[in-house]
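Observations on the three-dimensional arrangement
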Amino acid sequence: MGRGVGFGKVILFNEHFVVHGVPGIAAALDKRLVCETVLEPGQGWVLDDLRDPELKQGFEREWDKFKGAVDAILGAAGVDTSANRIRIRLRGDVLPASGMGWSAAFSVALARAVADEFGLNLTDEQIFQLALEGERVYHGLPSGIDPLVATVGGVVWFVKDKPNRFEKLKLPIPMRIVVAYSGVPSDTAKAVAGVRERKEQFKQKYDQIFEEANALVNEAKAALGSGNWERVGELMNRNHRLLQEIEVSCEVLDRMVGLARSAGALGAKLTGGGLGGCVVALTPDEELQEQVAQKFDEAGYRAVRALVGGST
Ligand code: PMV
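As the structure is a computational prediction, the values presented were derived from the model and not from experiment. (Residues numbered from 1 in each chain as written. Predicted model: local features only at pLDDT ≥ 70, side-chain atom pairs only at ≥ 80, totals over all residues. Heavy atoms only, no water.)

Another aspect to go through is the packing of helix H6 (residues 188-201) against helix H7 (residues 203-225). How two helices sit against one another is set out by the angle between their axes and by the gap between those axes. It is the contact of H6 with H7, at a shortest axis distance of 5 Å, that shows an interaxial angle of 115°. Touching Val195, Arg198, Lys199, Glu200 and Gln201 of H6 are Lys203, Tyr206, Asp207 and Phe210, all from H7. Across the contact of H6 with H7, the residue classes break down as three nonpolar, one polar and five charged. (Axes fitted to C-alpha atoms, helices over the stretch in contact; angles between N-to-C directions. Helix = DSSP H or I, 4+ residues; strand = E, 2+ residues; numbered from the N terminus. Contact = heavy atoms within 4.5 Å. Nonpolar A, V, L, I, M, F, W, Y, C, P; charged D, E, K, R; others polar.)

Written as C-alpha cells, this is what we have:
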C-alpha cells in the first residue's frame, strides 16, 4: 500500500502576477487530501472516494479533468497499469472550491502515494514535478505556486523562474484567516489568458501595475516575518486593488471583500484565479475569525476557518 498527503492552499499575495515572474506568497491550509493506493488483480485504476458527501458535490462534472490528471501523474511516474489495477482511496477535508488548491493537493497526494507504493524514493522537487503534470491538466500552464505549497507546506515565497525559486517564510506566530467561497466557480485558465492579452495590449499601464505588485510583495514578506498583522492586512487590501486593476475581480468578490472588512477583518482580497472562486480575510484572533466567518455564512457564502504558518 502507498500513502500520500497534499495540503490545500491559499494565495496571500500576487496570484496572476506570479505567472509572469513576480514573486507570490501562498500558505498551506490546515486542510489536506490523503491518497492511499492498493494494488489488486486487473488493469488500469479505480477510485474509492471516501470523502464526506458534501465535499463530493459536483465532482462528476470534473471527472474528465480528474481522470486526465491521474493518467498524467501515473504516466509521468512510469507506472505500468497493465500489470496491476491501482485502487486509489481518497480522503480529506479540502473544499473543492476554486481557490483552495484542491487539484494541487490531490496531485501531490497521489504523487506521494505512488512514490510510496513503488518505492521510488522521490525528493520534494520530484514530487512537485509529478504533481505539476496533474496541475497542467486542470490549469493549462500554471505558475507552479499551488503544487509547490501543497508539497512543502508552510508559508512560501515563490518565484517562477528557470529553475523556480522558493523560500519558506517563518511567522512569529500562526495566523488566523477565513477563506470564503462565492459559489461561482472560477475559470483560472480563462482568467490567466485574459491577463496575458491585456498585458500586451495595455503594456505601459500593466508594466506599472506589475511594478507595484513587485514592491508590495516585498513589503508583505517583511510584515509577515515580523507578525505585523495590521500591515499585512493593509497590503492585502492594496493587493486586491491591483487585482481589480488587472480585471480579475468581479462584483461578487468585491462584495465579499467589503463584507469581510466591515465585519472587522484587517484585510481582505480575492484569492486564486478570480472571476469567481474565493476571497481570503485576515482575522488574527479567534473571536474575530468567528465573527467574519459567521458574516460570510449568514450571507450564504461557504466560510472555512483556517490557521496558516503553524505546523502544516
Ligand atoms: O485558481 P487557483 O487557486 O488554482 O490559483 C491560480 C493562481 C494563478 O496565479 C492565477 C495561476 C497560477 O498558475 O499561478
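Here we take up the sheet that holds strand E8 (residues 267-271). Read across the open sheet, the four strands follow the order E8-E9-E7-E10; overall the sheet is antiparallel. Edge positions in the sheet fall to E8 and strand E10 (302-308), since each of these pairs with one other strand and no more. For this sheet the average axis-to-axis angle between neighbouring strands, irrespective of direction, equals 25°. For E8 and strand E9 (residues 278-282), the ladder comprises five bridges, and the chain directions are antiparallel. (Pairing = 2+ DSSP bridges.)

Quick look at the packing of aromatic side chains now. One pass over the full model with this rule turns up 12 aromatic pairs. With a centroid separation of 5.6 Å and 10° between ring planes, the pair formed by Trp102 and Phe106 is classed as stacked. One end of the pair is Trp102 and the other is Phe106, both in helix H3 (residues 102-117) and four residues apart, which spans about a single turn. Among the aromatic side chains, those forming a connected cluster through ring pairs are Trp45, Phe59, Trp63, Phe66, Trp102 and Phe106. The side chain of Lys199 reaches across the aromatic face of Phe210, ending 4.8 Å from its centre. (Phe/Tyr/Trp six-rings, centres within 6.5 Å; stacked < 30°, edge-to-face > 60°. Lys NZ or Arg CZ within 6 Å of the ring centre and 35° of its normal.)

To continue, consider the nonpolar core. Core analysis: the largest hydrophobic core is formed by 66 residues, its most contacted members being Phe13, Ile25, Ile177 and Phe296. Ranked by the residues each element gives to this core, the list is headed by H7, at nine residues. Both of domain 1 (2-169) and domain 2 (175-308) provide at least three residues apiece to this core. By size, the runner-up hydrophobic cluster in this structure holds 32 residues, among which are Phe59, Ala69, Leu74 and Ala111. (Core = buried A, V, L, I, M, F, W, Y, C linked by side-chain atoms within 4.5 Å. Buried < 20%, exposed > 50% of the residue type's maximum accessible area, 1.4 Å probe, protein only. Domains from an automatic or database assignment.)

Roughly 1,100 Å³ of volume is contained in the largest pocket. Lining of the largest pocket is provided by 45 residues; of these, Pro96, Ala97, Ser98, Gly99 and Ser186 occupy positions nearest its centre. Elements represented by at least two residues in the lining of the largest pocket include exactly strand E1 (2-13), helix H1 (53-56), H3, helix H4 (124-139), helix H5 (145-152) and H6. For the second largest pocket, the lining is made up of 14 residues, of which Arg136, Ser143, Lys160, Asp161 and Asn164 are closest to its centre. Looking at which element gives the most residues to the lining of the second largest pocket, the answer is H4, with five residues. When its residues are assigned to classes, the lining of the second largest pocket shows five nonpolar, three polar and six charged. (1 Å grid on protein atoms, 1.4 Å probe; cavity = no way out; pocket = protein on both sides within 12 Å on 5 of 7 lines; lining within 4 Å. Points joined across faces, edges and corners; volume = space filled by probe spheres on them.)

In the neighbourhood of the ligand, 16 residues make up the surrounding shell, with Lys9, His16, Ser143, Asp146 and Thr188 lying closest. A distance of 2.9 Å separates an oxygen atom of the ligand from a polar side-chain atom of Asp146. One nitrogen or oxygen atom from the main chain of Gly273 is found 3.0 Å from an oxygen atom belonging to the ligand. Contact with the protein chains covers 95% of the free accessible surface of the ligand, which is 380 Å². More than half of the atoms belonging to the ligand lie within 2 Å of the grid points that define the largest pocket. Of the residues that make up the shell around the ligand, three or more belong to each of domain 1 (2-169) and domain 2 (175-308). (Near = heavy atom within 4 Å. Polar contact = N/O pair within 3.5 Å; in protein donor to acceptor, adjacent residues only side chain to side chain. Areas by Shrake-Rupley, 256 points an atom, 1.4 Å probe, with all protein chains shown as cover. Sits in = over half its atoms within 2 Å of the grid points.)

Turning our attention to helix H2 (residues 63-76). Between its first and last C-alpha atoms H2 spans 20 Å; for 14 residues at 1.5 Å apiece the expected length is 20 Å, and the two agree. Taken residue by residue, H2 has Phe66, Ala69, Val70, Ile73 and Leu74 as its buried positions. End-on, the buried residues of H2 take up no more than an arc of 125°, which puts them together on one face. Turned more than 90 degrees away from the buried face of H2, the exposed residues are Asp64 and Gly75. For H2, the elements touching its buried residues are strand E3 (45-49), strand E4 (85-92), H3 and H4. (Expected span 1.5 Å × (residues − 1). Arc of directions from axis to C-beta.)

The next subject is the domain arrangement of the protein. Accessible area lost upon the coming together of the parts is a frequently used measure of interface size. In terms of domain boundaries, the protein breaks down into domain 1 (2-169) and domain 2 (175-308). Computed from C-alpha atoms alone, the centre-to-centre distance between domain 1 and domain 2 is 23 Å. Residue-level contacts link 29 residues of domain 1 with 46 residues of domain 2. Between domain 1 and domain 2 the total buried area reaches about 3,100 Å² when both faces are included, carbon and sulfur atoms providing 71% of it. When residues of domain 1 are sorted by the area they lose upon contact with domain 2, Phe13, His16 and Phe17 head the list and together hold 24% of the total. Where domain 1 packs against domain 2, one counts three salt bridges. Applying the counting criterion to the domain 1 and domain 2 interface returns 13 residue pairs in polar contact (both at pLDDT 80 or more). Among the elements that take part in the side of domain 1 that touches domain 2, strand E2 (residues 24-40) stands out by supplying seven residues, more than any other. For the side of domain 1 that touches domain 2, the class distribution of residues is 17 nonpolar, seven polar and five charged. (Buried area = accessible area lost by both parts, 1.4 Å probe. Salt bridge = Lys/Arg side-chain N within 4 Å of Asp/Glu carboxyl O.)

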